[in-house]
Amino acid sequence: MRIIFMGTPDFAVPTLDALVAAGHSVVAAYSQPPRPGGRRGRELVASPVQRRAEALGIPVRTPERLRSPDEQAAFAALDADVAVVAAYGLILPRAVLEAPRLGCLNVHGSLLPRWRGAAPVQRAILAGDAETGVGIMQMEAGLDTGPVRLERRTAVAGKTAGALTDELARLGAEAMVAVLANPDAYPPIAQPEDGVTYAAKIDKAEARLDFTTDAVTVERQVRAFAPVPGAFFEFGGERVKVLAAEIVALSDRSPAEAGAQLGGGGASSPLDPGLSRGTEDGGAAGIVLDDRLTIACGSGAIRPVTVQRAGRGIASAADLLRGFAIPAGTRL
């Protein structure tokens, strides 16, 4: 087929590669314009899709928007059989949606109608979904409301957003190739009216760890924001990202007693006497319980495993503490 590809981030690259490998003719790739980036944040950096398309010899277009008649005429002039869209980042006007012979097919990283919108992978993790997936959706004017031709499913099962995104990108690429090989075998099926949820764009403020919630919720927060933007806490005026963490089960004893147990050697933990309450009422939330950086939550506790200080490389929590002491009893 003659295909227009539309995508921007790394998530979209496997689909572009799969289309080329399947023998389709990708006549143009649309992507978001280069944005400031680089080490100093001043260089204009092309998107992953633009870089990959250029490496493949595919013409790249990076319009700021698609609303002008000239842009829409240029799109239609490509005379494509179908447009394949994967995390492009721009709303497609009706004239664009209707220009290709088979319309526009979108690779969406959720099991629609759950998690329509910008951040389906992160929202699925934050919500504690047991399963998610990817769908090939026939696009229409609404926000991810179009009928779905094919789905692939996978367990969330402790995966980070980075790992889950990579898996869904691969599954989506395979599904798109299958649909294009025989569109009639995968007729569009309308989404159910029940179960609609919206995956709002991630605000960086959401990445601040909220230790007043239970440990399960905090650990999900860590996974949902790994590797970017990175869940974090602050200590000594410095931001520390937590890229991986484990849940620590505390007994019904007080945080002070739990801290002594978790610290090992029978040593007592220097906690404020006012923290004799259990973690269930949130009174100890955010307190460091031992010399292994175990942190009390509203219920239970977490222990960071992989961390990163601002401007430093990724390290284990043990390595962090060797040069950046965070004493037991500290409230983060």
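Along every chain, residues carry numbers that run from 1 in the direction the sequence is written. Side-chain atom pairs in this predicted model are given and counted only at pLDDT of 80 or more, local residue features only at pLDDT of at least 70, and totals for whole chains, interfaces and linings cover all residues. Note that water and hydrogens are dropped before the side-chain values are worked out from all heavy atoms of the structure.

> Explanation requested: the packing of aromatic side chains in the structure shown.
In this description, a pair of aromatic rings is defined by centroid distance and the angle of the planes. A pair of Phe, Tyr and Trp rings is counted when the ring centres sit within 6.5 Å of each other, with Trp represented by its six-membered ring. The angle between the planes then sorts it: under 30 degrees is stacked, over 60 is edge-to-face, the rest tilted. Following the criterion strictly, the structure yields 2 aromatic pairs and no others. With 5.5 Å between their ring centres and 65° between their planes, Tyr30 and Phe75 make a pair best called edge-to-face. Within this pair, whereas Tyr30 is found in strand β2 (residues 25–30), its partner Phe75 is found in helix α3 (residues 69–76), the two being separated by 45 residues in sequence. Only lysine NZ and arginine CZ atoms are considered, and such an atom sits over a ring when it is within 6 Å of the ring centre and within 35 degrees of the ring normal. When the ring centre of Phe232 is taken as reference, the NZ or CZ atom of Arg239 above it lies at 3.7 Å. To qualify as a helix, a DSSP run of H or I must reach at least 4 residues; to qualify as a strand, a run of E must reach at least 2; elements of each kind are numbered from the N terminus.

> I tried to follow the confidence of the model for the protein on my own but got confused; where do I start?
Note that predicted coordinates carrying low pLDDT should not be read in detail. pLDDT measures how confident the predictor is about each residue, on a scale from 0 to 100. Summing up the model confidence of the protein, the mean pLDDT is 91 and the portion of residues at 70 or higher is 90%. Here, residues are in contact when the closest pair of their heavy atoms is within 4.5 Å. The low-confidence segment residues 252–280, where pLDDT is below 50, has 51 contacts with residues more than four positions distant or belonging to other chains.

> So what exactly am I meant to see when it comes to the packing of helix α1 (residues 13–21) against helix α2 (residues 48–55) here?
Working note: a packed helix pair is described by the angle between its axes plus the distance between those axes. For helices, the fitted line uses only the C-alpha atoms of the stretch in contact; every axis is such a line through C-alpha atoms, and the angle between N-to-C directions lies from 0 to 180 degrees. Close contact between α1 and α2 brings their axes to 9 Å; oriented N to C, the two are set at 20°. By the angle class used here, α1 and α2 are roughly parallel. Relative to α2, α1 is oriented so that their crossing is right-handed. Between α1, through Val13, Leu16 and Asp17, and α2, the contact on the second element is made entirely by Pro48, Val49, Arg52 and Ala53. Its residues assigned to classes, the contact of α1 with α2 shows 5 nonpolar, no polar and 2 charged. Each angle receives one of four descriptions, namely roughly parallel if under 35 degrees, roughly antiparallel if over 145, roughly perpendicular if within 65 to 115, and oblique otherwise. Handedness of each helix crossing follows the sense of rotation of the near helix against the far helix: counterclockwise by less than a right angle gives left-handed, clockwise gives right-handed. Classes in brief: Ala, Val, Leu, Ile, Met, Phe, Trp, Tyr, Cys and Pro nonpolar; Asp, Glu, Lys and Arg charged; the others, Gly included, polar.

> Please explain the sheet that holds strand β6 (residues 82–86) as it appears in this structure.
Adjacent strands of a sheet form backbone hydrogen bonds with each other and so pair up, either parallel or antiparallel. DSSP-based pairing: two strands are paired if at least 2 bridges between them are found. Spatial ordering of the open sheet is given by β5-β2-β1-β6-β7-β9-β10, a layout of 7 strands whose pairing is mixed. Pairing within the sheet leaves two strands with one partner each, and these edge strands are β5 (60–61) and β10 (148–155). Two strands pair when backbone bridges link them, and strand β9 (residues 131–138) and β10 are joined in this way by 7 bridges, in the antiparallel orientation. For Gly135, the partnering residue across the bridge sits in β10 and is Glu151. Packed on one face of the sheet, helix α6 (residues 161–181) meets β1 (2–7), β6, β7 (104–108), β9 and β10 and runs near 150° to β10.

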